[in-house]
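Read off the chains here:
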Amino acid sequence: PAQGSLLYLDALHAAFPRALAPRGTALLSWAPTGPRVPAGWPLPTLYCSPAEAGAVPSRAAALRVQLLLALRTRSLRLLEAGLASELHDAMATLRQGWAGLAQELELGRLSPQPGLPEEVRAQMQALLAPDAARADEVRKECARGFQGILRRLWPRLQLLVVGTGHGTERLYCDTLCQAECQGLPFYCPFYRVAGALLGVNLWPKEPVPRFLLCPDWAFCEFLPCPSKEERTVLLDELREEHQYSLVLTAQPGQYRCHVGEVLRVVGFHRQCPVVEPVHRESQVLSVRGERISEERFCCSLGRAVGMWPGACLVDYICMESALLGASAGAGAPHYEVFVELRGLRDLSEGQRYKLDQCLQEDFPIYKSFRFKGSIGPLRVHLLGAGTLARLREALGSPQPMPRVLREQRLLRLVQSSVVS
């Protein structure tokens, strides 16, 4: 981890020389089990808030406190988030609660919140001082709207660092780039799988993250995809433009496991492979063996949303109808899709069908099953604002939320928030 952090800081400084400054970095990251930062190496002199602000029991409370401490520092150069979804949810908090945040800045007083222990609130309170001028600036900029709000609130901001910005988290990066984070680059510095650090991104200015696999950080083996062979290959046997499924032994004494992560080799750097994550094998929709990956499903969903006038996709999850049991109704197995939208309050039956049509166009095997009637038409449900943020809170994990939901215990929260 220390070597990875040094590589990250060196690459960041080479690409953005003014990004690193004392107390010039704000952190938005929930770490209930202890302090955690995307850089992997806590450097207190870089951050404008203590790590304890992210270690409270409630995810929502942690992100709000960290956002407030970031707002008081106008000279921020860098904004870090453990996950892109954490930055996304912090921006949702800003949209909904900017008036209250501005008042707390003006008074220099942190309000009590559910999930924020009193001793932690007192510790954070000691860092605040009344600042009417900054509070007025926050009110003025938020009242103008949220397009490009980050650069207006923090004029010196250079870039956004996210611990995970690929796979399921890519949607949040794309959504933020279109609104709050407009004009700011994203940088995902590390490639982690199953808690093990495997690679580092040495190219901060590249829009699509790619990672140099470091041979001595973990023992990695690779199964060629698609292939029926069970023989794994090692780092020096990887071939450019081929895809592989990862088999990992993170540390001596740990079990060797097939982690289900599929990656593509995009090149080599000093003989070490450079990879792009493709998808997770467990995150697929497959009611009849069609196996539609989360990445490709998201592309089809994005295309369908583009046909819904005025709609902007905020978030989504999907599940197979078997998880719903009798509440899924009679008929063939099908997909249940739950979406959060901005700019559209209801969906017509014709609009809902657009997604099924896009899937049929993008996946011939799905079209074949639909034609035979062995897969029924998918159902699209519109969720209330903030539903999936509450779901991430309910999951109780700082890991990315799965797009294909398979947990029965979370269904009630999702179903109770359907508005149409």
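Just so you know, these numbers come straight off a predicted model, no measurement behind them.

(A) Highlighting the packing of helix 3 (residues 84-107) against helix 7 (residues 170-178). The N-to-C vectors of helix 3 and helix 7 enclose an angle of 40 degrees; their axes lie 8 Å apart at closest approach. One finds that helix 3 runs oblique with respect to helix 7. Classified by chirality, the crossing of helix 7 by helix 3 is left-handed. In this structure, helix 3 uses Ala84, Ser85, Leu87, His88 and Met91 to contact helix 7, whose residues at the interface are Tyr172, Cys173 and Leu176. Partitioned by chemical class, the residues of the contact of helix 3 with helix 7 number 6 nonpolar, 2 polar and no charged.

(B) Summary view of empty space enclosed by the protein. Per the counting criterion, the structure on display carries 3 cavities of 30 Å³ or more. Taken together, Val162, Gly165, Arg170, Cys173, Phe186, Tyr187, Cys188, Asn201, Glu206, Pro207 and Pro209 make up the lining of the largest cavity. Every element with two or more residues in the lining of the largest cavity is listed here: helix 7 and strand 4 (186-187).

(C) Broad picture of the sheet that holds strand 1 (residues 25-28). Strand order in this open sheet of 4 strands is 1-2-3-4, and the pairing throughout is parallel. Each end of this open sheet is capped by a strand with a single partner; those strands are strand 1 and strand 4.

(D) Region of the structure containing the nonpolar core. Counting residues in each nonpolar core, the largest one holds 81 residues, and the members touching the most others are Leu79, Leu87, Leu94, Leu150 and Leu198. Here this core takes 9 residues from helix 2 (residues 59-71), the largest share from any one element. Apart from residues no more than four positions distant in its own chain, Leu79 is found in contact with Ala26, Leu28, Leu87, Leu150, Trp154, Leu157, Leu159, Leu160 and Val161. Counting 30 residues, the second-largest nonpolar core is a separate cluster that includes Ile292, Tyr316, Leu355 and Tyr366.

(E) Expanded view of the packing of aromatic side chains. Applying the stated criterion across every chain, the model contains 6 aromatic pairs. Geometrically, the ring pair formed by Tyr191 and Phe211 is stacked, given 5.4 Å between the ring centres and 25 degrees between the ring planes. With Tyr191 in strand 5 (residues 190-193) and Phe211 in strand 7 (residues 211-213), the pair connects residues that are 20 residues apart, well separated along the chain. Assessed through its relative accessible area of 0%, Tyr191 is described here as buried. Both rings, one in Tyr335 and one in Tyr366, keep their centres 5.5 Å apart while their planes meet at 25 degrees; by these two values the pair is stacked. Placement of the pair is Tyr335 in strand 15 (residues 335-342) and Tyr366 in helix 10 (residues 364-372), with a sequence separation of 31 residues. Across the pair, exposure class does not vary: Tyr335 and Tyr366 are buried alike. Taken together, Tyr8, Tyr187 and Phe190 form an aromatic cluster joined through their ring pairs. Just above the ring of Phe16 sits the side chain of Lys205; from NZ or CZ to the centre is 5.6 Å. The ring of Tyr316 has Arg403 sitting right over it, with the charged end atom 4.6 Å from the ring centre.

(F) Broad picture of the sheet that holds strand 15. If you walk across this open sheet you meet the 3 strands as 14-15-16, and the pairing is mixed. Every interior strand has two partners, whereas the edge strands, strand 14 (312-320) and strand 16 (379-382), have only one. Across this sheet, the average inter-strand angle for adjacent strands is 25 degrees, counted without regard to direction. As paired strands, strand 14 and strand 15 are joined by 8 bridges and run antiparallel to one another.

(G) Geometry of helix 5 (residues 132-143). In a regular helix each residue adds 1.5 Å, so 12 residues correspond to 16 Å; helix 5 covers 16 Å between its end C-alpha atoms and thus fits that length. Listed as buried for helix 5 are Arg134, Ala135, Glu137, Val138, Glu141 and Cys142. The buried residues of helix 5 all sit within an arc of 160 degrees when viewed along its axis, so they share a single face. More than 90 degrees from the buried face of helix 5, the exposed residues found are Ala133, Lys140 and Ala143. Lining the buried residues of helix 5 we find helix 2, helix 3 and helix 6 (149-153). The positive-phi residue at the C-terminal boundary of helix 5 is Gly145, with phi of around 115 degrees.

(H) Quick peek at the side chain of His88. Here His88 shows up in helix 3. Under the relative-accessibility criterion, His88 is labelled buried at 8%. Look past the residues within four positions of His88 in its chain and what remains in contact with it is Tyr172, Leu176, Val314 and Arg392.

(I) Layout of the packing of helix 2 against helix 3. Remark: helix 2 packs on helix 3, axes separated minimally by 9 Å, with the N-to-C direction vectors making an angle of 60 degrees. Comparing their axes, helix 3 and helix 2 come out oblique. When the axes of helix 2 and helix 3 are compared, the crossing they make is right-handed. Here Arg59, Leu63, Arg64, Leu67, Leu68 and Leu71 of helix 2 come into contact with helix 3, specifically with Ser85, Glu86, Asp89, Ala90, Met91, Thr93, Leu94, Gly100, Leu101, Glu104 and Leu105. Tallied by class, the residues present in the contact of helix 2 with helix 3 amount to 9 nonpolar, 3 polar and 5 charged.

(J) Representation of the side chain of Ser374 within the structure. Structurally, Ser374 can be placed in the loop between helix 10 and strand 16. Given a relative accessible area of 18%, Ser374 falls into the buried group. The contact partners of Ser374, leaving out residues within four places of it in the chain, are Arg288, Ala332, Pro333 and Phe369.

(K) Just the pattern of salt bridges, in detail. The tally for this structure, following the rule as stated, stands at 25 salt bridges. Here Asp174 ties to Arg170 by a salt bridge, and the two come within 3.3 Å at their closest N and O atoms. Within this pair, Asp174 and its partner Arg170 are both found in helix 7, separated by 4 residues, close to a single helical turn. Glu294 is the salt-bridge partner of Arg280, the closest N and O atoms lying 3.8 Å from each other. Placement of the pair is Arg280 in strand 11 (residues 272-280) and Glu294 in helix 8 (residues 294-305), with a sequence separation of 14 residues. Residue Arg280 is classed as partly exposed on the basis of its relative accessible area, which comes to 25%. Given the relative accessible area of 7%, Glu294 is considered buried.

Reading guide: rules and limits
Residues numbered from 1 in each chain as written. Predicted model: local features only at pLDDT ≥ 70, side-chain atom pairs only at ≥ 80, totals over all residues. Heavy atoms only, no water. Axes fitted to C-alpha atoms, helices over the stretch in contact; angles between N-to-C directions. Helix = DSSP H or I, 4+ residues; strand = E, 2+ residues; numbered from the N terminus. Parallel < 35°, antiparallel > 145°, perpendicular 65-115°, else oblique. Left-handed = near helix turned anticlockwise from the far one by under 90°. Contact = heavy atoms within 4.5 Å. Nonpolar A, V, L, I, M, F, W, Y, C, P; charged D, E, K, R; others polar. 1 Å grid on protein atoms, 1.4 Å probe; cavity = no way out; pocket = protein on both sides within 12 Å on 5 of 7 lines; lining within 4 Å. Points joined across faces, edges and corners; volume = space filled by probe spheres on them. Pairing = 2+ DSSP bridges. Core = buried A, V, L, I, M, F, W, Y, C linked by side-chain atoms within 4.5 Å. Buried < 20%, exposed > 50% of the residue type's maximum accessible area, 1.4 Å probe, protein only. Phe/Tyr/Trp six-rings, centres within 6.5 Å; stacked < 30°, edge-to-face > 60°. Lys NZ or Arg CZ within 6 Å of the ring centre and 35° of its normal. Expected span 1.5 Å × (residues − 1). Arc of directions from axis to C-beta. Salt bridge = Lys/Arg side-chain N within 4 Å of Asp/Glu carboxyl O.

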